[in-house]
Amino acid sequence: MKEADVQQEPSYLGAPYGLASWLLTKDHKRIAILYLISITIFFAIGGSFAAMIRAELVTPQGDFLTADLYNKVFTLHGVVMIFFFLIPSIPATLGNFFMPIMIGAKDLAFPRINLLSWYIYVVGATLTLAAVIMGGVDTGWTFYTPYSSISSTTNVTTAALGVFITGFSSILTGFNFIVTVHRMRAPGMTWFRMPLFVWANYATSLVMILGTPVIAITVLLIAAERALHLGVFDPRIGGDPVLFQHLFWFYSHPAVYIMILPGMGVISELVANVSRKQIFGYSFVAFSSLAIAIIGFLVWGHHMFVTGQSIYAGLVFSIITMLVAVPSAVKTFNWTATMYKGAVVWDSPLFWVLGFMGLFLIGGLTGLFLGAMGLDIHLHDTYFVVAHFHYIMVGGGVMAFLGGLHFYWPKMTGRMYSEPLAKVASMLVFFGFNLTFFPQFIVGYMGMPRRYHSYPAEFQVFNVLSTAGATVLGAGYLMILLYLVYSIVKGPKAPMNPWGATGLEWKIQSPPITHNFHETPVVTEEAYDYLHAPAPTREVTHHE
Amino acid sequence: MSSGHHVPTIGMCVRVWLALLVLTGFTIFIASQDLGVLNTPVALLVAITKATLVIVFFMGVKWNTPLTKTVAVSGFVWLLILFFMGMNDYLTRGWLGVAGR
């Protein structure tokens, strides 16, 4: 189909116009944009808390923030980044936008529920922001009992209620995705022709609907204990604080996979494109997503090796933790094998792919350190843990999100951004990230504990490096925001398929029409058929 | 609703309802009896039976697609994972000693 043939209807961005048309929209693409704006705001808020943490840690003394304020700042950094940025980041934006298009559907199965999920997210997030304005919360993002249920005088209930409400947004999105994948696939779109991004979002949705209710119940149990004095977590009235950690991590460890699995899906799309090859071991990559989703539910006790948890249970959790590394390694090896002898294209998506693979690899391997019980005794609650999970959630999750955003930006907005700037930004982010978090591995191994606003003077050099890196990282993120926003206003128009990619999303106009397709597509090709893929047309662009 | 979808008869609904009432009566009865260590297991068994009746008949899972049955069962399997792995901690706390504890 010629591009001129598909550029005849107004896109979803302009039909219809007006604020109300956006706030009451049932179009999955517009809801994805609403989510994108929301999570960007929360990323900025969470980032500003991170900046305060790094500013405080430049010097060994607690001279910028008091101990109490520091507790609140790192708590809010965690709560905002995890619940209001990372968890919805890829599924609710790129997943919402592209999952229906990739399987040839006009929308998600339940468009109204999709909009409802965004409103629930906004209500939950606003409530948590209210907790900030009312004076903050200082329990850490984990809300551990008995501190959260007995001792803390901060706004635990308000913040936890915000998280509780936002959980329903997650459940609704997961439920919508699962039904869509089962019921809305176009003719010919068999399960094993689905793009791996869809498989990854499907696996993520399973985690969302099976895990999120448990955190909701856990929060309700805290409320029941505080209001009705039922002995659930408080040992003075017959409860067990370790039970809270079991229930919390039953959700919150799989939540890590909610953050990283969609990122793995994005990387699968990008790797095939930048290598211009069919993905190596498609079915292995697809099933490894499901394996991660399932095994990810069996490892939560590795967060609890140094609590009162039994040593025997710790052994079992430790062994299964080693097992969960296998499907992650399957993906990494298959991506590498895909790139091997591929016609690698040095476009900006490649930079994010390489960044992701390097950082995720370090994050994953250091996870094995922490999964080993003996070593965890030494490393638990040190900066080693902080570095590890940032390598996974930021190095993996955020790099993949930004990679996906850059890859799909032309389709979402119909505009191209500056390729040289994107390459510089990706390298700034990669360099800044490593400078921020690699010193934390060392200082953590040396014994610097997390969650303190002051530390012994011999750790200062590592903390100064870390803060310098955070500055570079922040500059990289700001740069991305600026050139992407600029591209909407002044960027050249994007062609239908700038990267020469396969998949239904690249066969429709940029940006798509409201119903995605003029007629329901019939799929006859395998996924990632790069032997027959069109050549990239990024250069064939023209300014407005 | 798709054509051919089975709708439980009123007679069946009434029978399930009566069974639930009987089981509720039984719950009240055993609450007043001291069964020793069996107190909790018996109460849980009755509750599980009632929940199963509701899911299988009132919620129509019995006549639904294999996919629906899989979804219904997997929710409980995940609950069992929580119980099993949780109990794997609580019931084994004395199994291996820790120096100094």
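Every value quoted in this text rests on a predicted model; they were computed, and no experiment measured them. (Residues numbered from 1 in each chain as written. Chains lettered and ligands numbered in written order. Predicted model: local features only at pLDDT ≥ 70, side-chain atom pairs only at ≥ 80, totals over all residues. Heavy atoms only, no water.)

Colleague: An account of the overall build of chain A is requested, with residue identities and associated values reported.
Modeller: Scanning chain A from N- to C-terminus turns up 16 helices and zero strands. Since a compact globule built from 544 residues should have a radius of gyration of about 24 Å, the 23 Å found for chain A is in line with a globular shape. Residues classed as buried in chain A amount to 60% of the 544 residues present. Partitioning the contacts of chain A with sequence separation of at least 6, the portion at a separation of at least 24 is 82%. Element-wise, carbon and sulfur atoms account for 72% of the exposed surface of chain A, whose accessible area totals about 20400 Å². (Helix = DSSP H or I, 4+ residues; strand = E, 2+ residues; numbered from the N terminus. Rg over C-alpha atoms; globule rule 2.2 N^0.38 Å. Buried < 20%, exposed > 50% of the residue type's maximum accessible area, 1.4 Å probe, protein only. Contact = heavy atoms within 4.5 Å. Areas by Shrake-Rupley, 256 points an atom, 1.4 Å probe, with all protein chains shown as cover.)

Colleague: For the overall build of chain B, give the residues involved together with the corresponding values.
Modeller: On a plain count of helices and strands, chain B comes out with three helices and zero strands. In sequence order, the secondary structure elements of chain B are arranged as α-α-α. For a compact globule of 101 residues, the expected C-alpha radius of gyration is about 13 Å, and chain B comes in at 20 Å, more than 25% above that figure. Expressed along its principal axes, the backbone C-alpha trace of chain B runs to roughly 65 × 40 × 10 Å. Every one of the 101 residues in chain B was classed for burial, and the buried ones make up 18%. A sequence separation of at least 24 residues applies to 53% of the contacts in chain B between residues at least 6 apart.

Colleague: Pulling in residues and values, what's your account of the environment of histidine 532 of chain A?
Modeller: Residue and element names in this part refer to chain A. Structurally, histidine 532 is set in the segment after α16 (460–490). Given a relative accessible area of 64%, histidine 532 falls into the exposed group. A sequence separation of 30 residues divides histidine 532 from threonine 502, and the C-alpha atoms of the two residues are 8.6 Å apart. One polar contact links histidine 532 to aspartate 529, side chain to side chain, over a distance of 2.9 Å. (Polar contact = N/O pair within 3.5 Å; in protein donor to acceptor, adjacent residues only side chain to side chain.)

Colleague: If you had to explain the nonpolar core to someone new, which residues and values would you point to?
Modeller: Looking at soluble globular proteins, one finds that nonpolar side chains tend to be buried together. Counting 173 residues, the largest nonpolar core has Phe356 and Met412 of chain A as the members making the most contacts within it. Sequence-distant contacts of methionine 412 of chain A, that is, excluding residues within four places in its chain, are made with Tyr12, Leu13, Ile33, Leu36, Leu94, Phe97, Phe98, Leu405 and Pro511 of chain A. The next biggest cluster of nonpolar side chains, apart from the first, holds six residues, and it includes Val16, Leu20, Leu23 and Leu53 of chain B. (Core = buried A, V, L, I, M, F, W, Y, C linked by side-chain atoms within 4.5 Å.)

Colleague: Break down the interface of chain B and chain A for me, with residues and values.
Modeller: Between chain B and chain A, the contact holds 17 residues from the first and 24 residues from the second. At the boundary of chain B with chain A, total buried surface from both sides reaches about 1800 Å², with 73% on carbon and sulfur atoms. Taken as a group, Trp78, Leu82 and Met85 of chain B account for 35% of the area that chain B buries against chain A, more than any other trio of residues on that side. The tally of links from chain B across to chain A stands at one salt bridge. Here aspartate 240 of chain A and arginine 93 of chain B are joined by a salt bridge, their closest N and O atoms 3.9 Å apart. (Buried area = accessible area lost by both parts, 1.4 Å probe. Salt bridge = Lys/Arg side-chain N within 4 Å of Asp/Glu carboxyl O.)

Colleague: Requested: an account of the pattern of salt bridges, with residues and values cited.
Modeller: Under the counting rule described, the total for this entry stands at nine salt bridges over all chains. In this structure, the salt-bridge partner of glutamate 526 of chain A is arginine 193 of chain A, at a minimum N-O distance of 3.2 Å. Of this pair, glutamate 526 of chain A sits in the segment after α16 while arginine 193 of chain A sits in the loop between α7 (156–183) and α8 (196–228), and the two are 333 residues apart along the sequence. For the salt bridge of aspartate 89 of chain B with arginine 93 of chain B, the shortest nitrogen-to-oxygen distance reads 2.8 Å. A relative accessible area of 33% places arginine 93 of chain B in the partly exposed class. Connected through shared salt-bridge partners, Asp240 of chain A together with Asp89 and Arg93 of chain B make up one network.

Colleague: I'd like to hear about the packing of helix α9 (residues 241–275) of chain A against helix α11 (residues 311–339) of chain A, residue by residue, with values.
Modeller: All names here are of chain A. Following both chains from N to C, one finds α9 and α11 inclined at 15 degrees, their axes separated by 9 Å at the closest point. Classed by the angle they form, the pair α9 and α11 counts as roughly parallel. Relative to α11, α9 is oriented so that their crossing is left-handed. Contacts from Tyr257, Leu261, Met264, Ile267, Ser268, Val271, Ala272 and Ser275 of α9 reach α11 at Val324, Ser328, Lys331, Trp335, Thr338 and Met339. Here the contact of α9 with α11 is composed, by residue class, of nine nonpolar, four polar and one charged. (Axes fitted to C-alpha atoms, helices over the stretch in contact; angles between N-to-C directions. Parallel < 35°, antiparallel > 145°, perpendicular 65-115°, else oblique. Left-handed = near helix turned anticlockwise from the far one by under 90°. Nonpolar A, V, L, I, M, F, W, Y, C, P; charged D, E, K, R; others polar.)

Colleague: So what about the confidence of the model for chain A? Which residues, and what values?
Modeller: As a general rule, the predicted coordinates of low-pLDDT regions are not to be interpreted in detail. For chain A, the average pLDDT comes to 93, and 97% of its residues sit at 70 or higher. The low-confidence segment residues 540–544 of chain A (pLDDT under 50) makes 11 contacts with residues lying over four places distant or belonging to another chain. (pLDDT = per-residue confidence, 0-100.)

Colleague: Give a description of the side chain of serine 21 of chain A that names residues and reports values.
Modeller: Residues and elements named next belong to chain A. Relative to the helices and strands, serine 21 resides in helix α2 (residues 19–23). Judged by relative accessible area, which is 18%, serine 21 ranks as buried. A polar side-chain atom of serine 21 sits 3.1 Å from the main-chain carbonyl oxygen of tyrosine 17. With residues near it in sequence (within four places) discarded, serine 21 still touches Pro16 and Arg30.

Colleague: Could you give me a rundown of the packing of α8 of chain A against α9 of chain A, with the residues and numbers involved?
Modeller: Residue and element names in this part refer to chain A. The N-to-C vectors of α8 and α9 enclose an angle of 160 degrees; their axes lie 8 Å apart at closest approach. With respect to each other, α8 and α9 are oriented roughly antiparallel. With respect to the hand of their crossing, α8 and α9 are arranged in left-handed fashion. For the contact of α8 with α9, a count of residues per class yields 21 nonpolar, eight polar and one charged.

Colleague: So what's going on with the environment of alanine 159 of chain A? Residues and values would help.
Modeller: Residues and elements named next belong to chain A. Position of alanine 159 relative to the elements: it lies in helix α7. A residue is classified by how much of its surface remains accessible, and alanine 159, at 1% relative accessible area, is buried. For the pair alanine 159 and alanine 130, spaced 29 residues apart in sequence, the C-alpha to C-alpha distance is 8.0 Å. For alanine 159, the residues in contact, after removing those within four places along its chain, are Thr128, Ala131, Val137 and Phe143.

Colleague: For the packing of aromatic side chains, give the residues involved together with the corresponding values.
Modeller: Residue and element names in this part refer to chain A. Counted by the stated rule, this structure contains 48 aromatic pairs over all chains. Note on tryptophan 141 and tryptophan 249: the rings are 5.8 Å apart at their centroids and 90 degrees apart in plane angle, and the pair reads as edge-to-face. Remark: tryptophan 249 occurs in helix α9 and tryptophan 141 occurs in the loop between α5 (111–133) and α6 (147–151); sequence separation between them is 108 residues. Its relative accessible area of 7% is what places tryptophan 249 among the buried residues. (Phe/Tyr/Trp six-rings, centres within 6.5 Å; stacked < 30°, edge-to-face > 60°.)

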